[in-house]
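Secondary and tertiary structure notes
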Amino acid sequence: MRLRALNDAARRLGLHREQADADARAIAPALLAAPAEPARELKALRALAAWCGCWSPTVALDLSPGGFEGLFLDIAGVDHLFGGEDAMLSVMRRRLKAAGIPCRIALAPTPGAAWAMARWSGKETSRLDSARLRDGIASLPLAALRLDEANLRLARLFGLRRIGDLYALPRSGLARRFRDGDGLGLVRRLDQALGLAEEPLTPVRPAADYRAVKLFAEPVLDMAGIEAQLPALAAKLAAQLERDGRGAARLRLTGFRSIGTTATLEVRIGTPHRQTKIWLRLLREKGLDRLDPGFGFDALALSADRTAPVAAVQPALEPDSARPAGALSVAELADRLAARLGEAAVTMPVPVPSWVPERSERRVPAQDVIAAAGLRPVPSSRPRPLLMLDPPEPVEVMAELPDSPPARFRWRRVLRHVARAEGPERLEPEWWQIQRRPVPEREEFVESGMDEFPLKNQGFQGAASENQGRIKGSDRTRDYYLVEDENGARYWLFREGLYDRREEKELVPSWWMHGLFP
Amino acid sequence: MEAVSVRVPLHSPYPQHPDTLEEACAENFRAMAATLCFALSRLPADGRPAVICMTAAQTHEYGRIFGRGTIWARHFPLLLVEPRKAIEALWAAEQALRSGAVAGVAIAVDDLTLTQTRRLEFAARHGGASAMTVLTRPGGLTAARRRWRIRPAPSAPNPFDARAPGSLRIAAELVRSRTEPPALFMLEQDDETHRLRLADRLAGHGLVEAGRTVAAA
């Protein structure tokens, strides 16, 4: 085990990165160490990258290994908005510090040089301009060039310690000896640092190709003012899209607040189009009135983040008699409903190849299904319920052993007598899938003679804890029974586990209610 | 077998065509699946899709719609709308009805005011669609043209296994209508087309008179 990252206190004790844990503990017995969590670190870095979007439109993740992660911000043409480069750096530092994020910031003409200065110059804030670039990084160690381990070792053998040592050496010799291994070779890294070779940054959020921006002389505070600007913005965007024969599949309205933050509204459009009236309506459904301008918006941008080719269609000479005048298409309806209720609330069932009932169907946002027309749900030829309980609810059953259908069962506290039953339909677990059935949450229903409706707000408790133990073996064989009680109500029950296979599974077979037939 | 006590005139036909707004009330909690099935089957089959609105709380209570179990449905696609609040479900239903994109909407609600039913009715008329409100208890004043009371009925005998349930049957009682007298109809799933049809169409008008359907069964 090695140290991956340290805080200031540890550094003051003389510990360093990549030091063996045992060595570190020998130096500092009171060392508190926690396992590294690269996934969470990456998540945090991404969140920070999103936040840094307030400084520059081009923010790239720097995923250098070994605890050297960082962010690249391309601030070309941006710094004047923050009062110049120095002012920008100090504001950046101040705000990161206020957020509790220790940082080192370097500003240099190339990403490579900035990387080197931030990590190896030892200064909290450093700045290099192009005139001093060559001299500025000459004194830094070779590791500042982002070389891989093999190249670094080789350089140490040659007695090369600092970047400046390389300047005098012939390039051809260097290129021959230091080849590209895991990373880029020494010469290329040197060229990148000195700006002789391009180093492209991959921004976290690529800039939208289609974008209409409106700047205001005075911050706009009221919603009416913002709404008044929208038709013009939408028309501008639609014109750009029309020029290229494309339609918007995802729209984003961004309001830039005068205090430096943004407010965004995103709308998804199932079938891409460029009808501004519908765009505006979708934005309104999505909650345009909830867009908080704070102390006012300086600028508004409407961008089409995702587009798709759209061909213009000639309008019909005669109105379609089957559709009422002004009728929407299903896709437009789905867009409208999804904009207000959320994509997950407007769905269609899509079949999935699985025989486990709860996995045999997936709810997919209606917009996706309509876009990929032809995903027709396949009703099963076997009896399947109309309403499925998710998760299944426990029932108490009286049934003959080992596998007769239930004779009586108690579900939601009401005892029901089975008049007729069909089954079992035996479903073996899909052994290639890891099954984990969720624990049912409720059983607390009120029994009353005439009215069987479960009372609301009863507080669901009880069954969950009792069944916690039984749920473990949910990768067991299920026997499904379609039963009908004496009133004609039809239920879908299953028994999990088999009585004659008790020796393999230590758990007692249990009964569950999975669905209701009409 | 259940004795049927309602006596109705023999020639009251089953209203095949749905009106703009009808109400289907589940007799009890267990009748919810039958009521939804009835409501969907009553929506006009004109090639347009249908919408089912159920709030998340109702889904939790009654179960969620399972597409594989809708073999009797005549609509494709089935658009499932599952908002959080009842008021959003009403909004979604109104939008869908008014849009003209769907044949009809089945909306499960706990309670409806007269104004809300009026709005649904207007929206349905505007979009050339039908709305079925699925209630769990009899509602008050309503703009619905027909009010149905639904309960599951013991299924038809299974020709292959006397102990197993046969094709599904639903007892639909027309409680109130502007144009027809009250009547009780027995609907049955056709074993070939899987659609709902009157249980004893050949024998008469599907009306249950003094348990005739039961005798035929």
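Residues numbered from 1 in each chain as written. Chains lettered and ligands numbered in written order. Predicted model: local features only at pLDDT ≥ 70, side-chain atom pairs only at ≥ 80, totals over all residues.

Of regular secondary structure, chain A possesses 15 helices and 17 strands. Taking all 518 residues of chain A together, the buried fraction comes to 31%. Nonlocal contacts in chain A, meaning residues at least 24 apart in sequence, comprise 57% of its contacts between residues at least 6 apart. (Helix = DSSP H or I, 4+ residues; strand = E, 2+ residues; numbered from the N terminus. Buried ≥ 20, exposed ≤ 12 C-beta atoms within 10 Å, placed from the backbone. Contact = placed C-beta atoms within 7 Å.)

Glancing now at the overall build of chain B. What chain B contains, in helices and strands, is five helices and 10 strands. When the 217 residues of chain B are sorted by exposure, 57% land in the buried category. For chain B, the proportion of contacts with a sequence separation of at least 24, taken over those separated by at least 6, is 72%.

Time to look at the nonpolar core. Burial of nonpolar side chains together is a common tendency in soluble globular proteins. Residues L493 of chain A together with C53, V81, A93, V105, A106 and I170 of chain B are the most contacted members of the largest nonpolar core, which totals 130 residues. Setting aside anything within four residues of it in sequence, one finds V105 of chain B in contact with V51, C53, A93, A96, L97, A129 and A131 of chain B. Listed in part, the 33 residues of the second largest apolar core include L107, M117, L147 and I163 of chain A. (Core = buried A, V, L, I, M, F, W, Y, C linked by C-beta atoms within 7 Å.)

Okay, unusual backbone geometry next. Residues and elements named next belong to chain A. Each neighbour pair has its own omega, and for D390 with P391 the value is 5°, a cis peptide bond. A positive phi angle is found at R413, which is not glycine, with a value near 70°. Position of R413 relative to the elements: it lies in the loop between β13 (406-411) and β14 (414-427).

With that settled, the discussion passes to the pairing of strand β16 (residues 490-496) of chain A. All names here are of chain A. The buried count for β16 comes to seven of seven residues, which makes it a mostly enclosed element. On β16, burial covers both faces: R490, W492, F494 and E496 on one face and Y491, L493 and R495 on the other are all buried. With seven bridges joining them, strand β15 (residues 478-485) and β16 adopt antiparallel strand pairing. In the strand pairing of β16, E484 is matched with R490. Between β15 and β16, which pair antiparallel in sequence order, lie four residues; one of them, G488, sits at a positive phi of approximately 100°. Relative to strand β17 (residues 510-517), β16 runs antiparallel, the two being bridged by seven bridges. Paired with Y491 across the two strands is L516, which belongs to β17. (Pairing = 2+ DSSP bridges.)

Residues and elements named next belong to chain A. The first and last C-alpha atoms of helix α13 (residues 330-341) sit 16 Å apart over 12 residues, in line with the 16 Å expected at 1.5 Å per residue. Extensive coverage of α13 is indicated by the burial of 11 of its 12 residues. Listed in full, the buried residues belonging to α13 are V330, A331, E332, L333, A334, D335, R336, L337, A338, A339 and L341. Looking one or two residues past α13, G342 carries a phi angle of roughly 100°, positive in sign. (Expected span 1.5 Å × (residues − 1).)

This part is about the sheet that holds strand β6 (residues 246-257) of chain A. Residue and element names in this part refer to chain A. Taking strand neighbours across the sheet as the criterion, the four strands line up as β5-β8-β6-β7 in an open arrangement whose pairing is antiparallel. At either margin of the open sheet sits one strand with a lone partner, and together these are β5 (210-220) and β7 (262-273). Strand-to-strand twist in this sheet, taken as the mean axis angle between neighbours without regard to direction, amounts to 10°. Where β5 lies against strand β8 (residues 297-309), seven bridges are found, and the strand directions are antiparallel. Along β8, the bridge assignment pairs V220 with F297. (Axes fitted to C-alpha atoms, helices over the stretch in contact; angles between N-to-C directions.)

What follows is about the environment of R490 of chain A. As for its placement among the helices and strands, R490 of chain A is situated in strand β16. Residue class for R490 of chain A comes out buried when judged on the 26 C-beta atoms lying within 10 Å of it. Sequence-distant contacts of R490 of chain A, defined by excluding residues within four places in its chain, comprise L482, E484 and F517 of chain A together with P152, P165 and L168 of chain B.

Attention now goes to the sheet that holds β15 of chain A. Strand pairing in a sheet relies on backbone hydrogen bonds, with the paired strands running either antiparallel or parallel. One open sheet accounts for eight strands, arranged β12(A)-β13(A)-β14(A)-β15(A)-β16(A)-β17(A)-β11(A)-β3(B); its pairing is antiparallel. One side of each edge strand has no neighbouring strand; the edge strands of this open sheet are β12 (396-399) of chain A together with β3 (64-65) of chain B.

The next subject is the interface of chain B and chain A. Each partner contributes to the interface: chain B provides 50 residues, whereas chain A provides 48 residues. When its residues are assigned to classes, the side of chain B that touches chain A shows 29 nonpolar, 12 polar and nine charged. (Nonpolar A, V, L, I, M, F, W, Y, C, P; charged D, E, K, R; others polar.)

With 86% of its residues at a pLDDT of 70 or more, chain A shows a mean pLDDT of 81. Note on residues 441-473 of chain A: pLDDT under 50 across the span, and 49 contacts to partners over four residues away in sequence or across chains. (pLDDT = per-residue confidence, 0-100.)

Moving on, we come to the pairing of strand β9 (residues 346-351) of chain A. Relative to strand β4 (residues 78-81) of chain B, β9 of chain A is paired through two bridges, and the arrangement is antiparallel. Considered in β4 of chain B, the bridge of V346 of chain A is made with V81 of chain B. In the sheet, β9 of chain A pairs with strand β10 (residues 361-365) of chain A via five bridges, with the strands oriented antiparallel. Counted as the bridge partner of T347 of chain A is P365 of chain A from β10 of chain A.

This paragraph deals with the environment of W411 of chain A. Residue and element names in this part refer to chain A. In this fold, W411 is placed in strand β13. Exposure remark for W411: the 21 C-beta atoms within 10 Å place this residue in the buried category. Taking the C-alpha atoms as reference, W411 lies 8.1 Å from E393; in sequence the two are 18 residues apart. Contacts of W411, omitting those with residues within four sequence positions, involve E393, V395, R416 and M513.

What follows is about the confidence of the model for chain B. Of the residues in chain B, 86% have a pLDDT of 70 or more, and the chain-wide mean is 83. Two numbers describe this predicted complex: its pTM, 0.66, and its ipTM, 0.86.

Before going further, it helps to examine the packing of helix α5 (residues 111-120) of chain A against helix α10 (residues 186-194) of chain A. All names here are of chain A. Closest axis-to-axis distance for the α5/α10 pair is 5 Å, and the angle between their directions is 90°. Classified by the interaxial angle, the pair formed by α5 and α10 is roughly perpendicular. On α10, the residues that touch G112, A113 and A116 of α5 are R189, Q192 and A193. Of the residues that constitute the contact of α5 with α10, the class distribution is three nonpolar, two polar and one charged. (Parallel < 35°, antiparallel > 145°, perpendicular 65-115°, else oblique.)

Next up on the list: the packing of helix α3 (residues 86-99) of chain B against helix α4 (residues 114-127) of chain B. Residue and element names in this part refer to chain B. Running from amino to carboxyl end, α3 crosses α4 at an angle of 25°, the nearest separation of the two axes being 6 Å. Considering the angle they form, α3 stands roughly parallel to α4. Contacts from L90, A93, E94, L97, R98 and S99 of α3 reach α4 at Q116, R119, L120, A123, A124, H126 and G127. By residue class, the composition of the contact of α3 with α4 is six nonpolar, four polar and three charged.

This paragraph deals with the environment of L32 of chain A. Within the secondary structure, L32 of chain A sits in the loop between α2 (21-27) and α3 (38-51). When the C-alpha positions of L32 of chain A and A10 of chain A are compared, they lie 9.5 Å apart, and in sequence the two are 22 residues distant.

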